Amino acid sequence: MTTNKEQSFIKRLMKSLTKANELGQEDKVMTDHDYDGIRELNNVLPPWWLYGFYITIIIGIFYYVQVFTNSEEYSQDKEFVNDVEQANKDIEAYKTAHPELFKTDVVLFTDAENLAAGKTIFEATCLACHMADGGGGIGPNLTDDHWILGGGIEKIYHTISEGGRPGKGMIPWKGSFKPMQIQQVASYVISLQGTTPANPKASEGDIVWTKQ
Ligand code: HEC
């Protein structure tokens, strides 16, 4: 419930913000413009609008001075340079926080822990085509010293990450595994070399590479 007093306060507020002419008193603001009987009222600009307009002018002046006069404290160029600097710092910080995502130099793991992690991936994902013991099936035998795509940790890492020749069935795995995990499974593949699988597939590939 609004009381009469409140109502009149709101009325007065509206009146002062709009300076609207009373209905029925159009004569007061009627101009003598007459276009085929269509006439014009000369209403004042509503103060709420006018003050908003003045404020934008003032902000505009500050903005112009700040942004376009290349002041010492602030300029668009500086803001850009600062942003790039900050972004580079953020990237570095992210890289240090997540080294496993950004490893670029591939290393061969020989420790039990990483090989076990590689084995887990291999036996969950790769066995369908290479057999759990690496003897081969749809994919080539991984226990011999013949390689289609190249031996050694870097080439094997590359094969797993980027996939084999188009249409052969070895897809790129970089979308499924992190670089760290690809290193682990590549190391595991190398650890299989020289083992004797149950049903070894005949050697394929002209590249001969044997681990040290
Ligand atoms: C859908 C079947 C399939 C799956 C699953 C698969 N591979 Fe392969 N893989 C192949 C085929 C086929 C080739 C041969 C590619 C070519 O000839 O270009 C191959 C090639 C390879 C090679 C290169 C062998 C060489 O002689 O150069 C490696 C290493 C390898 N795969 C590892 C893996 C690992 C590790 C995984 C699991 C993350 C995996 N593969 C999953 C089918 C598969």
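Keep in mind that this is a model prediction, so the values were computed, not measured. (Residues numbered from 1 in each chain as written. Predicted model: local features only at pLDDT ≥ 70, side-chain atom pairs only at ≥ 80, totals over all residues. Heavy atoms only, no water.)

A.B. asks: Tell me about the environment of Q181, and name the residues and values.
C.D. replies: In this fold, Q181 is placed in helix α7 (residues 179-192). Distance in space between the C-alpha atoms of Q181 and P47 is 67 Å, their sequence separation being 134 residues. (Helix = DSSP H or I, 4+ residues; strand = E, 2+ residues; numbered from the N terminus.)

A.B. asks: Explain the packing of aromatic side chains to me, using residue names and the numbers behind them.
C.D. replies: Per the stated rule, a full pass over the model turns up six aromatic pairs. A ring pair is formed by Y51 and Y54, whose centres lie 6.4 Å apart and whose planes are at 50°; its orientation type is tilted. Here Y51 and its partner Y54 are both found in helix α2 (residues 47-68), three residues apart, which amounts to about one turn of the helix. With a centroid separation of 6.1 Å and an interplanar angle of 35°, the aromatic rings of W173 and F177 are classed as tilted. Each member of the pair, W173 together with F177, is buried. Following the ring pairs from residue to residue traces out a cluster consisting of W49, Y51, F53 and Y54. (Phe/Tyr/Trp six-rings, centres within 6.5 Å; stacked < 30°, edge-to-face > 60°. Buried < 20%, exposed > 50% of the residue type's maximum accessible area, 1.4 Å probe, protein only.)

A.B. asks: Just give me the short version of the coordination of the iron atom of the ligand, but keep the residues and values in it.
C.D. replies: Note on the iron atom of the ligand: its protein donors are H130 (NE2) and M170 (SD). The metal-donor distances range over 2.0 to 2.2 Å. Every donor counted, the six donor atoms about the iron atom of the ligand form angles of 88 to 178° at the centre, which fits octahedral coordination. Of this pair, H130 sits in helix α5 (residues 112-130) while M170 is found in the loop between α6 (153-162) and α7, placing the two residues 40 residues apart along the sequence. For H130, a relative accessible area of 10% corresponds to the buried category. Given a relative accessible area of 24%, M170 falls into the partly exposed group. (Donors = N, O, S within 2.8 Å, 3.2 Å for Na, K, Ca; no water. Tetrahedral: all angles 85-135°; square planar, octahedral: opposite > 155°, others 65-115°.)

A.B. asks: Which residues make up the pairing of strand β1 (residues 30-35), and what values do they have?
C.D. replies: By the bridge criterion, three bridges tie β1 to strand β2 (residues 38-41) in an arrangement that is antiparallel. Counterpart to M30 in the pairing with β2 is L41. The hairpin formed by β1 and β2 contains two residues between the paired strands, and D36 there has a positive phi angle of roughly 50°. (Pairing = 2+ DSSP bridges.)

A.B. asks: How would you sum up the site of the ligand? Please name residues and give values.
C.D. replies: Near the ligand there are 22 residues, and of these C126, C129, H130, R165 and M170 occur at the shortest range. In the model, a nitrogen atom of the ligand is placed 2.7 Å from a nitrogen or oxygen of the H130 side chain. At a threshold of 2 Å from the grid points, most atoms of the ligand map onto the largest pocket. Put simply, the parts of the chain that give the shell around the ligand at least two residues each are α5 and α6. When residues of the shell around the ligand are assigned to their parent elements, the largest contribution, four residues, is made by α5. (Near = heavy atom within 4 Å. Polar contact = N/O pair within 3.5 Å; in protein donor to acceptor, adjacent residues only side chain to side chain. 1 Å grid on protein atoms, 1.4 Å probe; cavity = no way out; pocket = protein on both sides within 12 Å on 5 of 7 lines; lining within 4 Å. Sits in = over half its atoms within 2 Å of the grid points.)

A.B. asks: Residues and numbers for the side chain of D144, please.
C.D. replies: Among the structural elements, D144 can be located in the loop between α5 and β3 (146-147). For the buried D144, which has no salt bridge, the nearest side chain bearing the opposite charge is K201, at an N-O separation of 9.6 Å. A polar contact is formed between the side chain of D144 and the side chain of S203, at a distance of 2.7 Å. Setting aside residues no more than four positions away along its own chain, D144 makes contact with Q193, S203 and E204. (Lys, Arg positive; Asp, Glu negative; His and termini not counted. Salt bridge = Lys/Arg side-chain N within 4 Å of Asp/Glu carboxyl O. Contact = heavy atoms within 4.5 Å.)

A.B. asks: Before we move on, could you go through the domain arrangement of the protein and cite the residues and values that matter?
C.D. replies: The domain architecture assigned to the protein consists of domain 1 (4-67) and domain 2 (112-208). The distance between the C-alpha centroids of domain 1 and domain 2 comes to 78 Å. (Domains from an automatic or database assignment.)

A.B. asks: An account of the layout of surface pockets is needed here, citing residue identities and associated values.
C.D. replies: The calculated volume of the largest pocket comes to roughly 600 Å³. As for the largest pocket, its lining consists of 29 residues, of which H130, G139, P140, T159 and M170 are closest to the centre. For the lining of the largest pocket, the elements supplying multiple residues, two or more each, are α5, β3, α6 and α7. The element contributing the most residues to the lining of the largest pocket is α5, with five residues. In terms of residue class, the lining of the largest pocket is built from 16 nonpolar, nine polar and four charged. (Points joined across faces, edges and corners; volume = space filled by probe spheres on them. Nonpolar A, V, L, I, M, F, W, Y, C, P; charged D, E, K, R; others polar.)

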